[in-house]
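Below, each chain spelled out in residue letters.
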Amino acid sequence: MSENGKMNSLIELLDSHPGRDSIIRTASYLSLYISSYARGNTSRKLKTISEELSYCRLIMRLFDDFPMLHFTLNYGLGSQEKTVLMRVLGVIKNLLDQVYYPVEHVAWAAEKRLVKANSYILYTAGAAIWGLSSYISIVRSLIMMSVLQRQTKGLKNVVLHEKIVAQQLEYLLMAFKDFADVVLAINYLPPGSLLWAGKLNRKEIGLIGTISSLLRLSASLSASLKEAPKNLPVDQKISEIETICREKFPDLPVFNENSNLSPSSSSPDHKHLLDQPKSPPTGSPSSQAFSRPSYSLVVKMGLFRCQ
């Protein structure tokens with residue numbers, strides 16, 4: 001894909017709430033990681049940037065309840081899933097994600113003394129919910145990788161096989177991302193309550209968070225790049241062979257927005273062929289029709305029934 005196309009995809013990513021959240025999250029954890037190497041005032045400034053960006057994400061999530069509810073209702077009981085296990089895991093994950101937002105909202109309100117509640121307990125509950133949701137996502141990704149692997153057995157279509165392998169790689173990267181989130185969620189639990197809870201230092205938190213954020217950002221950007229070009233007419237559908245060519249040869253001028261080739265342009269030969277049907281007949285047919293005696297003979301002998 002051209003540089004202009006990549007820039008447009010990045011802008012579209014920034015225009016969307018999930019994409020912007022991924023970029024802010026990456027900047028937050030990256031600032032925290034770099035601050036562990038800096039010294040003095042520079043380290044303090046980077047840590048402040050990380051904290052403020054994280055707080056920015058918290059404020060933005062105050063309005064995520066209804067979009068999440070809309071997604072949960074549309075998902076329903078997961079009738080579109082292929083297995084019962086995937087349905088159950090999907091429903092549980094959606095419920096956990098739905099509960100997470102009000103818990104975090106109340107924790108924020110308690111921290112700002114807007115309501116009377118223990119913000120520490122609520123933030124801990126939010127971390128536990130986040131960890132469980134991420135763990136379920138890991139299981140779902142592994143199940144999907146297994147399902148896709150079974151589809152490759154006996155498959156002779158090379159193009160389709162490559163697509164399945166690419167999907168498996170995407171699920172694998174998402175599993176790594178969710179695993180990093182589980183590591184962070186456990187660390188945010190009360191010290192000594194579970195595994196490495198409260199034991200990770202600033203450098204480790206920043207590194208793991210940066211890896212998780214980059215994987216999330218990469219997945220969002222990849223999904224944005226795979227979208228069909230928006231400058232095509234509505235009634236113009238992309239065929240399967242064109243889709244394959246776009247994936248295999250993305251740098252071809254014909255697939256770029258700035259291509260000098262115009263769909264409406266036509267060559268002189270094309271115009272000449274279009275004008276041909278409008279020209280008058282050039283003469284009588286080369287084969288003459290049956291004469292009357294010959295036609296009568298054909299009908300009389302029933303030769304017209306011959307196949």
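Not measured: the values here are computed from a predicted model.

A tally of regular secondary structure across the chain gives 11 helices and zero strands. Mapped in sequence order, the helices and strands of the chain form the string α-α-α-α-α-α-α-α-α-α-α. Taking all 307 residues of the chain together, 32% fall into the buried category. Expressed as a percentage of contacts within the chain between residues at least 6 apart in sequence, the contacts between residues at least 24 apart total 64%. As displayed, the chain has an accessible area near 20900 Å², and 64% of this comes from carbon and sulfur atoms.

Residue position: Ser 222 is located in helix H8 (residues 202-225). The exposure class assigned to Ser 222 is partly exposed, which follows from its relative accessible area of 27%. Distance from Ser 222 to Ser 9, taken between C-alpha atoms, is 9.1 Å for residues 213 residues apart in sequence.

This part takes up the side chain of Asp 178. Here Asp 178 shows up in helix H7 (residues 158-187). Here Asp 178 falls in the buried class, since its relative accessible area comes to 5%.

Turning our eyes to something else, we now look at the nonpolar core. Counting residues in each nonpolar core, the largest one holds 12 residues, listed as Met 68, Met 86, Leu 89, Leu 96, Tyr 100, Tyr 101, Val 103, Ile 129, Ile 136, Ile 143, Met 144 and Val 147. Elements with a contribution of two residues or more to this core: helix H5 (84-111) and helix H6 (119-151). Excluding its chain neighbours within four sequence positions, the residues that come into contact with Met 86 are Tyr 75, Glu 81, Arg 140, Ile 143 and Met 144. Counting eight residues, the second-largest nonpolar core is a separate cluster that includes Tyr 29, Leu 32, Val 183 and Leu 200.

Averaged over all residues, the pLDDT of the chain equals 81, while 71% of them reach at least 70. Long-range and interchain partners of residues 228-235, a stretch whose pLDDT sits below 50, account for seven contacts in this model, where long-range means more than four residues apart. Counted against residues more than four places away or in other chains, residues 258-266, with its pLDDT under 50, gives four contacts.

Right, let's get into a nonpolar patch on the surface. Residues Met 7, Leu 10, Ile 11 and Leu 14 make up a contiguous nonpolar surface patch of roughly 320 Å² in combined accessible area. Mapped onto the secondary structure, Met 7 falls in helix H1 (residues 3-15).

Tallied over the full model, the rule gives four aromatic pairs. A centroid spacing of 5.8 Å and a plane angle of 75 degrees characterise the contact between Tyr 100 and Tyr 101, whose relative ring orientation is edge-to-face. Taken as a pair, Tyr 100 and Tyr 101 share a single burial class, namely buried.

Further remarks concern the pattern of salt bridges. By the definition in use, this model includes nine salt bridges. For the salt bridge of Arg 25 with Asp 181, the shortest nitrogen-to-oxygen distance reads 3.0 Å. Residue Arg 25 is located in helix H2 (residues 17-35), and its partner Asp 181 is located in helix H7; the two are separated by 156 residues in the primary sequence. Per residue, the accessibility class of Arg 25 equals that of Asp 181, and both read buried. Of the charged contacts in the structure, one is a salt bridge between Asp 97 and Lys 93, with a shortest N-O distance of 3.3 Å. Taken together, the residues span about one helical turn, with Asp 97 and Lys 93 both in helix H5 at a distance of four residues. The class for Asp 97 is buried, based on a relative accessible area of 18%.

In this section: the packing of H2 against helix H3 (residues 40-60). At a minimum axis distance of 8 Å, the contact between H2 and H3 shows a crossing angle of 155 degrees. When the axes of H2 and H3 are compared, the pair comes out roughly antiparallel. As H2 runs across H3, the sense of the crossing is left-handed. Across the interface between the two elements, His 17, Asp 21, Ile 24, Arg 25, Ala 27, Ser 28, Ser 31, Leu 32, Ile 34 and Ser 35 of H2 pack against Ser 43, Leu 46, Lys 47, Ile 49, Ser 50, Leu 53, Ser 54, Cys 56, Arg 57 and Met 60 of H3. Class assignment of the residues belonging to the contact of H2 with H3 gives a composition of nine nonpolar, seven polar and four charged.

In an α-helix there are 3.6 residues to a turn, and that puts residues three or four apart on one side. For H7, built from 30 residues, the straight-helix expectation of 44 Å at 1.5 Å per residue is met to within 8% by its first-to-last C-alpha distance of 44 Å. Sitting at the head of H7, Asn 157 places a side-chain oxygen 3.1 Å from the backbone nitrogen of Val 159.

In this section: unusual backbone geometry. Located in the positive-phi region is Arg 113, a residue other than glycine, with phi close to 60 degrees. Mapped onto the fold, Arg 113 is located in the loop between H5 and H6. You will see that Leu 195, though not glycine, has its phi angle at about 50 degrees, which is positive.

Parameters at a glance
Residues numbered from 1 in each chain as written. Predicted model: local features only at pLDDT ≥ 70, side-chain atom pairs only at ≥ 80, totals over all residues. Heavy atoms only, no water. Helix = DSSP H or I, 4+ residues; strand = E, 2+ residues; numbered from the N terminus. Buried < 20%, exposed > 50% of the residue type's maximum accessible area, 1.4 Å probe, protein only. Contact = heavy atoms within 4.5 Å. Areas by Shrake-Rupley, 256 points an atom, 1.4 Å probe, with all protein chains shown as cover. Core = buried A, V, L, I, M, F, W, Y, C linked by side-chain atoms within 4.5 Å. pLDDT = per-residue confidence, 0-100. Patch = residues over 30% accessible without salt bridge, like charges linked within 9 Å, V, L, I, M, F, W, Y side chains within 5 Å. Salt bridge = Lys/Arg side-chain N within 4 Å of Asp/Glu carboxyl O. Phe/Tyr/Trp six-rings, centres within 6.5 Å; stacked < 30°, edge-to-face > 60°. Axes fitted to C-alpha atoms, helices over the stretch in contact; angles between N-to-C directions. Parallel < 35°, antiparallel > 145°, perpendicular 65-115°, else oblique. Left-handed = near helix turned anticlockwise from the far one by under 90°. Nonpolar A, V, L, I, M, F, W, Y, C, P; charged D, E, K, R; others polar. Expected span 1.5 Å × (residues − 1). Polar contact = N/O pair within 3.5 Å; in protein donor to acceptor, adjacent residues only side chain to side chain.

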